Amino acid sequence: EPEVTQTPSHQVTQMGQEVILRCVPISNHLYFYWYRQILGQKVEFLVSFYNNEISEKSEIFDDQFSVERPDGSNFTLKIRSTKLEDSAMYFCASSAGRALGGYTFGSGTRLTVV
Amino acid sequence: AQTVTQSQPEMSVQEAETVTLSCTYDTSESDYYLFWYKQPPSRQMILVIRQEAYKQQNATENRFSVNFQKAAKSFSLKISDSQLGDAAMYFCAYRSSGLSTSGTYKYIFGTGTRLKVLA
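Here is a short report on the structure shown in this document. Source: prediction; values computed, not measured.

## Comments concerning the interface of chain B and chain A
In this complex, chain B contributes 26 residues to the contact, which on the side of chain A involves 29 residues. When chain B packs against chain A, the two sides together hide about 2400 Å² of surface, and 53% of this comes from carbon and sulfur. Viewed at the interface, chain A and chain B are joined by 1 salt bridge. Of the charged contacts in the structure, one is a salt bridge between Glu56(A) and Lys106(B), with a shortest N-O distance of 3.2 Å. Between the two partners, chain B and chain A, sit 11 residue pairs in polar contact (both at pLDDT 80 or more). Listing elements by their share of the side of chain B that touches chain A, those giving two or more residues are β5 (32-39), β6 (46-52), β10 (88-96) and β11 (107-109) of chain B. Among the residues forming the side of chain B that touches chain A, the class breakdown is 11 nonpolar, 10 polar and 5 charged.

## Side note on the packing of aromatic side chains
Residues and elements named next belong to chain A. Within this structure, the stated rule accounts for 29 aromatic pairs over all chains. Ring geometry for Phe91 against Phe105: centres 6.5 Å apart, planes inclined by 90°, an arrangement best described as edge-to-face. Of this pair, Phe91 sits in strand β9 (residues 88-95) while Phe105 sits in strand β10 (residues 104-105), and the two are 14 residues apart along the sequence. Comparing Phe91 with Phe105, the two get one shared label, buried.

## Notes on the layout of surface pockets
Of the volumes computed, that of the largest pocket is approximately 450 Å³. Lining the largest pocket are 22 residues, with Phe45(A), Gln2(B), Lys106(B), Tyr107(B) and Ile108(B) sitting closest to its centre. Among the elements of the structure, β5 (43-50) of chain A together with β1 (3-5), β10 and β11 of chain B are those that each provide at least two residues to the lining of the largest pocket. Partitioned by chemical class, the residues of the lining of the largest pocket number 9 nonpolar, 7 polar and 6 charged. Lining the second largest pocket are 18 residues, and of these Gln37(A), Arg110(A), Gln39(B), Met89(B) and Arg114(B) lie nearest its centre. At the level of secondary structure, the elements contributing two or more residues to the lining of the second largest pocket comprise β9 of chain A together with β10 and β12 (113-118) of chain B. Tallied by class, residues from the lining of the second largest pocket come to 10 nonpolar, 5 polar and 3 charged.

## So, the nonpolar core
Residue and element names in this part refer to chain B. Counting 25 residues, the largest nonpolar core has Tyr25, Trp36, Phe75, Leu77, Tyr90 and Leu115 as its most contacted members. When contributions to this core are tallied by element, the ones reaching two or more residues are β3 (19-21), β5, β6, β8 (64-69), β9 (74-79), β10 and β12. Counting residues per element, this core draws most heavily on β10, which supplies 4 residues. Setting aside residues no more than four positions away along its own chain, Tyr90 makes contact with Gln6, Leu21, Trp36, Tyr37, Lys38, Val48, Phe64, Leu77, Ile79, Gly112, Thr113 and Leu115.

## Overview of the pairing of β9(A)
Residue and element names in this part refer to chain A. The element β9 is largely enclosed, with a buried count of 8 among its 8 residues. Going residue by residue along β9, you find Ala88, Tyr90, Cys92 and Ser94 tucked away on one face and Met89, Phe91, Ala93 and Ser95 tucked away on the opposite face as well. Here 3 bridges tie β9 to strand β11 (residues 109-113), and the two strands are oriented antiparallel to one another. In the sheet register, Ala88 faces β11, and the bridge partner there is Leu111. In terms of strand pairing, β9 meets β10 through 2 bridges, oriented antiparallel. Pairing of Ser94 across the sheet is with Thr104, part of β10.

Cut-off values and rules
Residues numbered from 1 in each chain as written. Chains lettered and ligands numbered in written order. Predicted model: local features only at pLDDT ≥ 70, side-chain atom pairs only at ≥ 80, totals over all residues. Heavy atoms only, no water. Contact = heavy atoms within 4.5 Å. Buried area = accessible area lost by both parts, 1.4 Å probe. Salt bridge = Lys/Arg side-chain N within 4 Å of Asp/Glu carboxyl O. Polar contact = N/O pair within 3.5 Å; in protein donor to acceptor, adjacent residues only side chain to side chain. Helix = DSSP H or I, 4+ residues; strand = E, 2+ residues; numbered from the N terminus. Nonpolar A, V, L, I, M, F, W, Y, C, P; charged D, E, K, R; others polar. Phe/Tyr/Trp six-rings, centres within 6.5 Å; stacked < 30°, edge-to-face > 60°. Buried < 20%, exposed > 50% of the residue type's maximum accessible area, 1.4 Å probe, protein only. 1 Å grid on protein atoms, 1.4 Å probe; cavity = no way out; pocket = protein on both sides within 12 Å on 5 of 7 lines; lining within 4 Å. Points joined across faces, edges and corners; volume = space filled by probe spheres on them. Core = buried A, V, L, I, M, F, W, Y, C linked by side-chain atoms within 4.5 Å. Pairing = 2+ DSSP bridges.

Here's what the structure looks like:
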């Protein structure tokens, strides 16, 4: 069964450093998403992306965040200057379209900012 | 704004028994979708079951079924004949029927219920 692949599974970075989280969505999917889950809290929507543009973003997704689909295969989330509170699990997801089928999620990247 | 509440942080069930996980939500919308996702230790979130709000019939997928009470805004998940592989975090999620102009949509998740299955 097709999978959404996220790398790395765990990343440790120093506060203030830039970090890029990588995702390879399912190849025929058109819609892409990032969510995050701070330890012990709910999973929260960050951003959706379609046709090389941000479709929708949450209040969390401020100027330090950006997303990109650099090569038609990868979908990346960049955090420009990490803060301690950015420590969380970040999930990438993709979907084929507007169908009810739901997303396919990746296994997540655990980001630890020290 | 819509909210999803899962009031049971942790539940335990004996293997082969039945367990029900609770979820309530709040919305002013009349048309929407509800989901249960499972997150095993591998961390990938897997869709378990979904329910369209306009359907009165409760969704069923093999050993998984829901009790959807629209008026009460309740959406519980029943797992029958529990298996060790059912041990996971379970998230209830809400999705509005509306889409963004580009066709994307977003979930609103609850805080999850950790299910332990005892051998």
